[in-house]
Amino acid sequence: MASREFACAVLFAAVASAQKDAFIAYPQDTVTYSTDSAVSRGTNVPLGAFFLHGAQFQEGRWQQLIPSRYLPTTAGNIVAVSAVCAGCFTAPTYRRLRITLSATTATALNNNFAHNLTAPVTVLDGAPIVGWQTQQWGQIPFDVPFAYDGRSNLVVEFRKEAVLGSWSSHAMPVNPDRPDWPRAVGIAGAIGSGAADAGVAAGTDTPLQMRLHVDRGATLTLRSDRLLTGSLNVFALGGHFDISLRALPASVQWTFLDVAFGARYAITGIRGQGLVQPTFLLRPRVVPASGVDTSTFAIPIDLNLVGLRLALQAVVLEGGSGQPMFTNGADLIVSSN
């Protein structure tokens, strides 16, 4: 009996671990953004800091909007956020960091911060120790999980007061930039400037690259590292990209793709909603014991492919049995080399 209880405990721990590690990556999962000229290619406002020649970025308020097509299509809790420190010259520590999430129907952000938070939930308000390291993901667990409904767009807000002496920036998807992503809004200032509590943004910017960690369900992510020579772009001719499916071990998954996202649709018996028409279906695969199934694809050097958009989603039969579910969506645009 004891051995059976032990086996059940081990199985439960493995399941919990697989669920805990599930995340979406917006817009994708690489750590190689912003590896050149880190300060100019990253952002100091939401999580970093900067002080030079009179410029001060120790305080900041930042909001960005993540469209629902990149988020899980089934309801669940968002329990943490991660970002990539592009250049941690002096890794930031915080006197205070407040993170707020809000569901929204908006498709773009207003410069008035309060206007964008229609249903705000403060998920963290404290002084977390992140342990930032250059070109690595740093995770910030929430004190309060955010109940995501599986349908809404999402506003993520950071209100940051960094310790004086911090000097760092965090990665942004600028290689190349994607004008179809909603712009972030933000404001920054020196310690004591009140920027962290400002009511109005000073300008717009490219969104912060982030992961949102969820406590259940299957998720799909894309990864394409920058080319080492030439354009230094991601999803570039002559490069490659990974499709990774995170789910319970032994889950069966079918990934499918089209040239664009479409209107949401439902299929009886499948949880969540479809975002992509199954124009092209990849061969079914089984998720290994690690809980992560990754397929790698080369991008041919063919100029006719530049600008090609692919939207992807998967249907997953968790654990090989039970009710299947739709994952979140992800997309890419092929860039030049």
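No experiment lies behind these values; they were computed from the predicted model shown.

## Let's talk about the overall build of the protein chain
Step number 1: Check the secondary structure of the protein chain and you find 3 helices and 22 strands.
Step number 2: Computed over its C-alpha atoms, the radius of gyration of the protein chain comes to 20 Å, within 12% of the 20 Å expected for a compact globule of 337 residues.
Step number 3: For the C-alpha atoms alone, the extent of the protein chain along its principal axes is close to 60 × 60 × 35 Å.
Step number 4: Out of the 337 residues in the protein chain, the part that is buried amounts to 52%.
Step number 5: Within the protein chain, counting contacts between residues at least 6 apart in sequence, those at least 24 apart form 81% of the total.
Step number 6: Across the protein chain, the mean location of the 23 positive side-chain charges is 2 Å away from that of the 22 negative side-chain charges.

## Concerning the state of the cysteines
Put plainly, two cysteines are in a disulfide when a covalent bond ties their sulfur atoms together.
Step number 1: According to the stated counting rule, one finds 1 disulfide in the structure shown.
Step number 2: Between Cys85 and Cys88 runs a disulfide, and the two sulfur atoms are separated by 1.8 Å. Residues Cys85 and Cys88 are joined through a disulfide that is right-handed, its torsion about the S-S bond being 125 degrees. Across the pair, Cys88 and Cys85 agree in class, each one buried.

## Examining the environment of Gly199
Step number 1: As for its placement among the helices and strands, Gly199 is situated in the loop between strand S11 (184-189) and strand S12 (203-205).
Step number 2: Taking the C-alpha atoms as reference points, Gly199 and Trp254, separated by 55 residues in sequence, lie 45 Å from one another.
Step number 3: Not counting residues up to four positions away in its chain, the partners in contact with Gly199 are Arg61, Asn111, Asn112 and Phe113.

## So, the layout of surface pockets
Step number 1: A volume near 220 Å³ is recorded for the largest pocket.
Step number 2: If you trace the largest pocket, you find 15 residues lining it, with Phe241, Leu257, Phe297, Ala298 and Leu310 closest to the centre.
Step number 3: Put simply, the parts of the chain that give the lining of the largest pocket at least two residues each are strand S15 (240-246), strand S19 (292-298) and strand S20 (309-317).
Step number 4: Of the residues contributing to the lining of the largest pocket, the split by class is 15 nonpolar, no polar and no charged.
Step number 5: Around the second largest pocket, the lining residues are Leu65, Pro67, Ser68, Arg69, Thr107, Asn153, Asp180, Pro182, Phe261, Gly262, Arg264 and Leu275.
Step number 6: Here the lining of the second largest pocket is built from residues that sort into 5 nonpolar, 4 polar and 3 charged.

## Some remarks on the pattern of salt bridges
Where charged atoms from two side chains of opposite charge come close, those side chains can pair.
Step number 1: Tallying each qualifying case throughout the model produces 14 salt bridges.
Step number 2: With a shortest N-O distance of 2.7 Å, Arg159 and Asp197 are connected by a salt bridge. Of this pair, Arg159 sits in strand S9 (residues 153-162) while Asp197 sits in the loop between S11 and S12, and the two are 38 residues apart along the sequence.
Step number 3: Residue Arg159 is classed as buried on the basis of its relative accessible area, which comes to 16%.
Step number 4: Ionic pairing is found between Asp180 and Arg309, a salt bridge with its closest N-O pair at 3.2 Å. With Asp180 in the loop between strand S10 (167-170) and S11 and Arg309 in strand S20, the pair connects residues that are 129 residues apart, well separated along the chain.
Step number 5: What makes Arg309 partly exposed here is its relative accessible area of 27%.
Step number 6: Each of Arg178, Asp180, Arg309 and Asp331 takes part in salt bridges that share partners, so that together they form one network.

Thresholds, definitions, all that
Residues numbered from 1 in each chain as written. Predicted model: local features only at pLDDT ≥ 70, side-chain atom pairs only at ≥ 80, totals over all residues. Heavy atoms only, no water. Helix = DSSP H or I, 4+ residues; strand = E, 2+ residues; numbered from the N terminus. Rg over C-alpha atoms; globule rule 2.2 N^0.38 Å. Buried < 20%, exposed > 50% of the residue type's maximum accessible area, 1.4 Å probe, protein only. Contact = heavy atoms within 4.5 Å. Lys, Arg positive; Asp, Glu negative; His and termini not counted. Charge placed at Lys NZ, Arg CZ, Asp CG, Glu CD. Disulfide = S-S within 2.5 Å. 1 Å grid on protein atoms, 1.4 Å probe; cavity = no way out; pocket = protein on both sides within 12 Å on 5 of 7 lines; lining within 4 Å. Points joined across faces, edges and corners; volume = space filled by probe spheres on them. Nonpolar A, V, L, I, M, F, W, Y, C, P; charged D, E, K, R; others polar. Salt bridge = Lys/Arg side-chain N within 4 Å of Asp/Glu carboxyl O.

Any functional reading would require information beyond the geometric quantities listed.
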